[in-house]
Amino acid sequence: MNATTITGTERIFGLDVMRATAILMVLGGHLLWIYPDCPRILGQLFTLFGFWGVELFFVLSGFLIGGILYRLFVTTDFNRTTVFYFLQRRWFRTLPNYYLILLLNCGLGLLFGFQMEHAGYYFLFLQNFATTMPAFFPESWSLSVEEFAYLIGALAFFAAALVFPRKNKSRLFLAVVLGLILLFIGAKIGYYFRTSNTTLTQWNVSLKAVVIYRIDSILIGVAFSWLYTNYSEFWLKHKLKMAALGCVLIVLMFVGVGFFQILIENYPFFWNVLYLPITSLTFALFLPFLSEWRTAPSWFAKPVTLISLISYSIYLIHYSLVLQLLKYWIDTISLPDWQLHLFTLVYLVITFLLSYLLYRYYEKPIMALRK
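Residues numbered from 1 in each chain as written. Predicted model: local features only at pLDDT ≥ 70, side-chain atom pairs only at ≥ 80, totals over all residues. Heavy atoms only, no water.

Student: I tried to follow helix H13 (residues 311-329) on my own but got confused; where do I start?
Tutor: Structurally, the α-helix is built with 3.6 residues per turn, so residues lying three or four positions apart point the same way. If you check H13, its first and last C-alpha atoms are 26 Å apart, about what 19 residues at 1.5 Å a residue would give, namely 27 Å. At His318, H13 is bent by approximately 55 degrees, the largest bend along its length. Within H13, 16 of the 19 residues are buried, leaving the element largely enclosed by the surrounding structure. (Helix = DSSP H or I, 4+ residues; strand = E, 2+ residues; numbered from the N terminus. Expected span 1.5 Å × (residues − 1). Bend = angle between axes of the 7 residues up to and from the residue. Buried < 20%, exposed > 50% of the residue type's maximum accessible area, 1.4 Å probe, protein only.)

Student: Honestly, the nonpolar core in this entry has me stumped. Any pointers?
Tutor: In summary, soluble globular proteins display a tendency toward joint burial of nonpolar side chains. Counting residues in each nonpolar core, the largest one holds 119 residues, and the members touching the most others are Phe78, Phe86, Tyr98, Phe173, Phe224, Tyr275 and Leu287. Ranked by residue count, the leading element in this core is helix H2 (residues 40-75), at 16 residues. Not counting chain neighbours up to four residues away, the residues in contact with Tyr275 comprise Phe51, Trp203, Met253, Phe254 and Phe270. (Core = buried A, V, L, I, M, F, W, Y, C linked by side-chain atoms within 4.5 Å. Contact = heavy atoms within 4.5 Å.)

Student: Even after reading the chapter, I still don't get the environment of Phe137, so can you show me in this structure?
Tutor: Within the fold, Phe137 resides in the loop between helix H3 (80-112) and helix H4 (141-163). Separated by 31 residues in sequence, Phe137 and Cys106 place their C-alpha atoms 9.0 Å apart. Once you skip the residues sitting within four places of it in the chain, Phe137 turns out to touch Tyr98, Ile101, Leu102, Asn105, Tyr122, Leu316 and Ser320.

Student: Looking at this structure, how should I read the packing of H3 against helix H14 (residues 337-367)?
Tutor: The description of two helices packed together rests on the angle between their axes and the distance between the axes. Where H3 contacts H14, the two axes come as close as 8 Å, and the packing angle between them is 135 degrees. Looking at the two axes, H3 sits oblique to H14. For the pair H3 and H14, the sense of crossing is right-handed. Counting all contacts with H3, which are made through Phe92, Arg93, Pro96, Asn97, Leu100 and Ile101, the residues of H14 involved are Leu358, Tyr362, Glu363, Ile366 and Met367. Of the residues assigned to the contact of H3 with H14, the class counts are 8 nonpolar, 1 polar and 2 charged. (Axes fitted to C-alpha atoms, helices over the stretch in contact; angles between N-to-C directions. Parallel < 35°, antiparallel > 145°, perpendicular 65-115°, else oblique. Left-handed = near helix turned anticlockwise from the far one by under 90°. Nonpolar A, V, L, I, M, F, W, Y, C, P; charged D, E, K, R; others polar.)

Student: Please clarify how unusual backbone geometry should be interpreted in this entry.
Tutor: A positive phi angle, close to 55 degrees, is found at His118, a residue other than glycine. Within the secondary structure, His118 sits in the loop between H3 and H4. A positive phi angle, close to 60 degrees, is found at Phe125, a residue other than glycine. Among the secondary structure elements, Phe125 is positioned in the loop between H3 and H4.

Student: Looking at this structure, how should I read the layout of surface pockets?
Tutor: The space that makes up the largest pocket amounts to roughly 1500 Å³. As for the largest pocket, its lining consists of 43 residues, and the residues nearest its centre are Thr47, Leu48, Phe51, Leu200 and Asn204. Ranked by residues supplied to the lining of the largest pocket, first place goes to H2 with 10 residues. Of the residues assigned to the lining of the largest pocket, the class counts are 29 nonpolar, 11 polar and 3 charged. In this structure, the second largest pocket encloses a volume near 1300 Å³. Surrounding the second largest pocket, 47 residues form its lining, Arg19, Leu64, Ile65, Ile68 and Arg93 being those nearest its centre. Secondary-structure elements contributing two or more residues to the lining of the second largest pocket are helix H1 (13-30), H2, H3, H4, helix H7 (215-230), helix H12 (298-309), H13 and H14. Per-element accounting of the lining of the second largest pocket gives the leading share, 12 residues, to H2. Taken together, the residues of the lining of the second largest pocket break down into 23 nonpolar, 11 polar and 13 charged. (1 Å grid on protein atoms, 1.4 Å probe; cavity = no way out; pocket = protein on both sides within 12 Å on 5 of 7 lines; lining within 4 Å. Points joined across faces, edges and corners; volume = space filled by probe spheres on them.)

Student: Teacher, can you tell me more about the environment of Glu117 here?
Tutor: On the secondary structure map, Glu117 appears in the loop between H3 and H4. Its relative accessible area of 39% is what places Glu117 among the partly exposed residues. Taking the C-alpha atoms as reference points, Glu117 and Phe254, separated by 137 residues in sequence, lie 34 Å from one another. Setting aside anything within four residues of it in sequence, one finds Glu117 in contact with Tyr122 and Pro134. A distance of 3.4 Å separates a polar atom in the side chain of Glu117 from a polar atom in the side chain of His118. (Polar contact = N/O pair within 3.5 Å; in protein donor to acceptor, adjacent residues only side chain to side chain.)

Encoded structure:
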């Protein structure tokens, strides 16, 4: 089969809900820069939202792109042409927006004197490949994880197709995915044995946001795409049970951890090795239910779909471009609450408006060029 016939572009409303929820969580997490003195519980919740939002994106992206990779792997020879086709489509989707916003960040950095350490690394997604990334364009850390996940994954599938051309391709696909997951969990084990600093701040910048320790999060989504394709009856039959299990794990992981004081200082192995993969698995358990949620009333479906469509643009511009510039021009520290609320409203309106324009007049036309 010709690779160009494999697209998988059908929108699924439940996955749009997941994507829209993810970007709204990320936005909520960064509102703490506007409200640094908000109540402690609320601050902890919004910090958690920022973390959850990116993890949802990782799992969802792995699920969607993994489905495309799987179809290519089992229906073609998965040769160099196929690998290039896959990467070309992926890069058409992600790189134009990324490089445009990166160049804008560089321009603003030069204009306003913002810190731009190692800015050249960002053009190759190397800013956080194996080390803590600089302060410049901080939200780009997750994009590096995604780009390397699909590059490494595609090359691993290419190598597997060369070495084991006669093997059952479906099982071979799963073996490659599970092998890569174990490899990157192994990287976290190596980090655990090499690292003596066990503060949450250190964990946040030196492990959570570093490429070589995070690729397994996306691969867990890829593994669920294999499950979705090969065990559809199980997927449909147990979708509610899996979502319920996901809810239980959320309570255990994100409420129980705090209640029982399972802190990184006392349980470094749990935090450095297990916490992130379990988080990814927790959110992946919602995929069976959400992937089968096909329709909703128009009053709900339209805004959710719109937010989902512009979510990538929102992610790229909301913080370093919009919020950072607004904070540069307006000192919010001494503002009364009503002015802070007005500032937040203006920030959100500008973010959504610019994101829509970026999607409508730049991202969408470029994506239409994909073949």
